[in-house]
Amino acid sequence: MKTSSHHWVVTWVLIVLVAVHPVTVFSQTADRSGVINISTLNDKPAGTSFTAGFVISGQPRRVLIRVVGRELRNFGVADPVSDTRLNLHREGTLIFGNDDWTVQSSIPGVASSTADQIAEAAARCGAFPLDGAGNRISSAILMTLQPGAYTVQAVNQSSAHGSMLLEVYEVP
């Protein structure tokens, strides 16, 4: 009698569908239309990262990019990452990185912003404030970006598994 065994391989595929709808914002300073914010929350093991992309078309745009960890606890996230880093790439080339939002990197030819400018931009966008009192380990950059394709790498630099929020805002 011949016996045989069958092995099944099960592959799970997660497909995320995101619907993005243009909006028009009317303010005292100017009218804006188009997407003004994207964000994603992701749960990552220590030392790993995730990447999200966006495209700027038409004219240069002032953007605020944040990778938030510990502050998520204020919104009921039980396991936020305690230390984040963000890396901004344009068409595959690293153009800027940030480890702690109140300390901006110096890269020749790239203007960086102060912690006060980042906090003011976040308030103008309606984003919740980042902790500035000794717990400055979320990451953020404020830059004017030329038209092109960009990716942001959100890195969990902590020694534990946790959740990170990646946000990209067009600053009015």
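For the structure, see preceding data.
These numbers were taken from a predicted model, which means no experiment stands behind them.

Undergrad: I tried to follow helix α1 (residues 115-125) on my own but got confused; where do I start?
TA: In an α-helix, one full turn covers 3.6 residues, which means residues spaced three or four apart are oriented alike. Within the span of α1, buried status applies to A115, I118, A121, A122 and C125. All buried residues of α1 fall inside an arc of 125° around its axis, so they share one side. Turned more than 90 degrees from where α1 packs its buried face, D116 and A123 sit exposed. On its buried face, α1 sits against β5 (61-68), β8 (139-145) and β10 (162-170).

Undergrad: How should the pairing of strand β7 (residues 93-98) be read in this particular structure?
TA: If a strand is regular, its side chains alternate between the two faces of the sheet. The pairing of strand β6 (residues 84-90) with β7 spans 5 bridges and is antiparallel. Following the sheet pairing, L86 is matched in β7 by N98. Between β6 and β7, which follow one another and run antiparallel, lie 2 residues, and E91 among them has a positive phi close to 50°.

What counts, and where the lines are drawn
- Residues numbered from 1 in each chain as written.
- Predicted model: local features only at pLDDT ≥ 70, side-chain atom pairs only at ≥ 80, totals over all residues.
- Heavy atoms only, no water.
- Buried < 20%, exposed > 50% of the residue type's maximum accessible area, 1.4 Å probe, protein only.
- Helix = DSSP H or I, 4+ residues; strand = E, 2+ residues; numbered from the N terminus.
- Arc of directions from axis to C-beta.
- Contact = heavy atoms within 4.5 Å.
- Pairing = 2+ DSSP bridges.

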